[in-house]
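# A structural walkthrough
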Number of protein chains: 2
Amino acid sequence: MFVNVNGHPGSRPKALGELGELSRARIVPSEFRYNKGTEIYGEAEPADYIYQVVDGAARSYKLLSDGRRQIGAFHLVGDIFGLENGLVHRFTAEAIVDTTVRLMKRCSLEHVAESDVFVALDLLNMTTSNLQHAEDHMLLLGRKTSLERVAAFLLEMDRRLTAAGVIALPMCRRDIADYLGLTLETVSRALSYLHGKGILGFLGQTQRQIVLLDRVRLAELDL
Amino acid sequence: MFVNVNGHPGSRPKALGELGELSRARIVPSEFRYNKGTEIYGEAEPADYIYQVVDGAARSYKLLSDGRRQIGAFHLVGDIFGLENGLVHRFTAEAIVDTTVRLMKRCSLEHVAESDVFVALDLLNMTTSNLQHAEDHMLLLGRKTSLERVAAFLLEMDRRLTAAGVIALPMCRRDIADYLGLTLETVSRALSYLHGKGILGFLGQTQRQIVLLDRVRLAELDL
DNA sequence: GGAGAAGCTTGATACAGATCAATGGTCCAT
DNA sequence: ATGGACCATTGATCTGTATCAAGCTTCTCC
């Protein structure tokens with residue numbers, strides 16, 4: 001496990017100048033900036049590039065024909081996304097805030113993987129991390145209550161983006177809801193409940209900065 | 001895409017004498033029989049083997065501490081399962097009916113993957129198929145109604161195990177419910193509804209043999 | 001700095017699906 | 001053949017979350 005995908009256990013921190021062991025592919029990556037809310041790629045579009053978040057955050061989602069949305073993952077600083085082992089993307093990806101990504105051509109990557117075992121094994125490790133996240137998320141979506149889901153979300157974000165004890169969420173309540181299979185009102189109510197219980201606190205005026213005051217009780221709420 | 005995992009698009013039919021391209025590993029697989037309801041491996045157990053269903057069917061699931069269960073996948077004849085790219089299994093696997101599996105040691109497989117690009121790429125393809133299934137299932141669990149879920153389930157089973165126009169389900173209503181994030185009563189009501197609408201019919205005495213009478217209308221119900 | 005848009009919370013109500021409960025069928029094992 | 005362990009269906013009721021609605025706050029951009 002050498003590459004940091006979604007911050008899963010087994011990953012290691014790494015310098016941002018590289019795309020993990022994929023740097024073996026020796027392809028110079030270029031950077032690109034997406035404004036808040038803009039699409040990085042669309043579902044079923046050709047998957048020509050893979051991406052790494054340099055700054056900002058992105059969401060990957062699927063839509064039903066009537067507009068219902070399921071966000072499969074959030075991509076935070078350092079995460080690699082857009083890696084589909086097929087010809088087309090299976091999600092739409094959008095910048096949640098103004099976001100800078102590093103990107104590299106996928107076809108060249110595939111070509112290298114065919115001749116370089118270490119690149120292939122690295123792709124396998126990244127895909128496995130994504131799979132593990134999806135497996136855990138199926139359990140959450142299929143069987144957890146709204147409070148358990150929100151607790152799990154906070155613990156995930158705590159693990160992945162807490163700086164100086166503060167969770168600075170880049171995404172709005174609707175994004176959280178679409179990630180957890182809930183409505184934004186239910187997410188808001190669960191957060192208010194946790195606030196009332198003294199398990200978390202809000203920082204500043206906006207409700208996007210959260211401080212976890214009691215991780216033990218929060219973890220007990222996520223069965 | 002050379003290996004048949006969960007019957008996803010891009011897979012090809014294959015003779016049962018092999019474990020896909022993994023046969024390149026040249027490790028003689030042995031067969032084993034599990035009685036209905038018995039455990040093949042447990043969550044968090046060391047992942048020493050990978051498995052291929054020769055006959056029968058299996059379920060992979062996670063449990064919450066209070067017994068709520070989420071089945072992540074059903075493994076039907078020809079499917080390979082138990083392939084974790086970590087040291088331990090992330091699911092518990094059980095035989096749904098009396099089941100024969102072919103198994104091979106995982107450590108030897110890993111060793112071969114490090115020296116053989118084609119084995120590594122094959123593992124990557126299998127993992128990608130599993131990931132794609134999980135991604136689709138997240139959308140189902142997070143955003144679809146009970147009727148949409150049951151319709152999607154029937155279409156998946158139709159694709160994966162219909163013989164002679166009949167879907168012979170190996171699993172009970174509770175298994176279906178735990179796969180779809182519903183209760184068994186809700187699954188039963190949805191099936192009765194589809195029966196009443198003339199979209200499906202039951203064959204014989206048991207309710208496990210289903211004939212799809214109108215795939216078009218069924219597909220319209222799964223958004 | 002003011003107007004409008006977006007985002008969040010909170011309350012009232014509705015409803016899809018869960019839960020509780022009863023019945024009948026099938027398949028074994030004795 | 002009989003008893004009992006599943007298994008599935010169906011009905012009645014309950015409830016967690018969605019939906020509908022209102023109001024407040026904070027951004028954004030003329």
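Shown above is the structure to which this text applies.
Residue positions are counted from 1 within each chain, in the order its sequence is given. Chains and ligands are labelled by the order in which they are written, letters from A for the one and numbers from 1 for the other. Only residues with pLDDT of 70 or above have their local features reported here, since the model is predicted, and side-chain atom pairs are shown and tallied only from 80 upward, although totals for entire chains, interfaces and linings are computed over all residues. Only hydrogens and water are removed before side-chain values are computed, so all heavy atoms of the structure are retained for them.

### Regarding the relation of the copies chain B and chain A
Superposition record for chain B on chain A: RMSD 0.0 Å, screw rotation 180°, translation along axis 0.0 Å. Overall, the copies show the geometry of a two-fold rotation axis. C-alpha atoms of residues with pLDDT of at least 70 in both copies form the basis for the least-squares superposition of the copies.

### Some points on the protein's contact with DNA strand C
Arg-173, Ser-188, Ser-192 and Arg-208 of chain A together with Thr-186 of chain B are the nearest of the 19 residues found near DNA strand C. Within 4 Å of the protein, atoms of DNA strand C come from sugar and phosphate in 65% of cases. Identification of polar contacts relies on pairs of N or O atoms within 3.5 Å, with a donor-acceptor requirement for protein atoms, meaning one able to donate a hydrogen and the other able to accept it, and with residues adjacent in sequence counted only if both atoms are side-chain atoms. Ser-188 of chain A places a side-chain nitrogen or oxygen 2.6 Å from a phosphate oxygen of DNA strand C. To qualify as a helix, a DSSP run of H or I must reach at least 4 residues; to qualify as a strand, a run of E must reach at least 2; elements of each kind are numbered from the N terminus. Contributing elements (two or more residues each) for the surface near DNA strand C: helix 5 (184-196) of chain A together with helix 5 (184-196) of chain B. By residue number, the principal contributor to the surface near DNA strand C is helix 5 of chain A, which donates five residues. To be near a molecule or strand, a residue needs just one of its heavy atoms within 4 Å of it.

### Looking at the sheet that holds strand 6 (residues 80-81) of chain A
All names here are of chain A. Strand order in the open sheet made by the four strands is 1-8-3-6, with antiparallel pairing throughout. Both edges of this open sheet fall to strand 1 (30-34) and strand 6, since each of them pairs with a single strand only. Between any two strands, at least two bridges found by DSSP are needed for them to pair. Sheet topology places strand 3 (residues 49-55) next to strand 8 (residues 99-105); six bridges connect them, and they run antiparallel. Residue pairing in the sheet places Tyr-49 in a bridge with Lys-105 of strand 8.

### Re the environment of Ala-58 of chain B
Residue and element names in this part refer to chain B. With respect to the secondary-structure elements, Ala-58 resides in strand 4 (residues 58-63). Separated by 113 residues in sequence, Ala-58 and Met-171 have C-alpha atoms that sit 8.9 Å apart. Contact between two residues is taken to exist if any of their heavy atoms lie within 4.5 Å; hydrogens are not considered. Among all residues touching Ala-58, those that are not within four sequence positions of it are Ile-40, Ala-73, Phe-74, His-75, Phe-81, Glu-94, Ala-95 and Ile-96.

### A word on the packing of aromatic side chains
Any two aromatic rings considered together are summarised by their centre-to-centre distance and by the angle between their planes. Residues and elements named next belong to chain B. Pairs were defined over the aromatic rings of Phe, Tyr and Trp, the Trp ring being its six-membered one, requiring ring centres within 6.5 Å. Orientation was assigned from the angle between planes: stacked under 30 degrees, edge-to-face over 60, tilted for the rest. Under the counting rule described, the total for this entry stands at 14 aromatic pairs over all chains. Residues Phe-74 and Tyr-179 carry aromatic rings whose centres are separated by 4.8 Å and whose planes lie at 50° to one another, so their mutual orientation is tilted. Of this pair, Phe-74 sits in strand 5 (residues 69-75) while Tyr-179 sits in helix 4 (residues 173-180), and the two are 105 residues apart along the sequence. Considered together, Phe-74 and Tyr-179 belong to a single accessibility category, that of buried residues. Exposed residues in this analysis have more than 50% of their type's maximum accessible area, buried residues have under 20%, and partly exposed residues fall in between, with area computed by a 1.4 Å probe over protein chains only.

### Side note on the protein's contact with DNA strand D
Close to DNA strand D lie 21 residues, the nearest being Thr-186 of chain A together with Arg-173, Ser-188, Ser-192 and Arg-208 of chain B. Near the protein, meaning within 4 Å, the atoms of DNA strand D are sugar or phosphate in a fraction of 65%, with bases accounting for the rest. Interatomic distance of 3.0 Å between a side-chain N/O atom of Ser-146 of chain A and a phosphate oxygen of DNA strand D. Between DNA strand D and Thr-186 of chain A there is a distance of 2.3 Å, counted from a phosphate oxygen to a side-chain nitrogen or oxygen. Mapped by element, the contributors of at least two residues to the surface near DNA strand D are helix 5 of chain A together with helix 5 of chain B. It is helix 5 of chain B that contributes the most residues to the surface near DNA strand D, five residues altogether. Here the residues of the surface near DNA strand D sort into four nonpolar, 10 polar and seven charged. Residues are grouped as follows: Ala, Val, Leu, Ile, Met, Phe, Trp, Tyr, Cys and Pro are nonpolar; Asp, Glu, Lys and Arg are charged; all remaining types, including Gly, are polar.

### Thoughts on the interface of chain B and chain A
Opposite the 43 residues of chain B that make contact, chain A presents 43 residues. Accessible surface is computed with a 1.4 Å probe, and the buried area is the amount of it that two parts give up when combined, taken over both parts together. Interface of chain B and chain A: buried area, both sides summed, is about 3900 Å²; carbon and sulfur atoms make up 66% of it. Criterion for a salt bridge: a side-chain nitrogen of Lys or Arg within 4 Å of a carboxyl oxygen of Asp or Glu. Seen at the junction of chain B and chain A, the total is eight salt bridges. Here Glu-148 of chain A ties to Arg-68 of chain B by a salt bridge, and the two come within 2.8 Å at their closest N and O atoms. Remark: the boundary between chain B and chain A carries 16 residue pairs in polar contact (both at pLDDT 80 or more). Listed by contribution, the elements that provide at least two residues to the side of chain B that touches chain A are strand 5, helix 1 (106-115), helix 2 (117-143) and helix 4 of chain B.

### Things to note about the pairing of strand 11 (residues 209-212) of chain B
All names here are of chain B. For strand 9 (residues 167-168) and strand 11, the ladder comprises two bridges, and the chain directions are antiparallel. Each residue of the ladder has a partner; that of Ala-168, found in strand 11, is Gln-209. Two strands pair when backbone bridges link them, and strand 10 (residues 200-202) and strand 11 are joined in this way by three bridges, in the antiparallel orientation. Paired with Phe-202 across the strands is Ile-210, a residue of strand 11.

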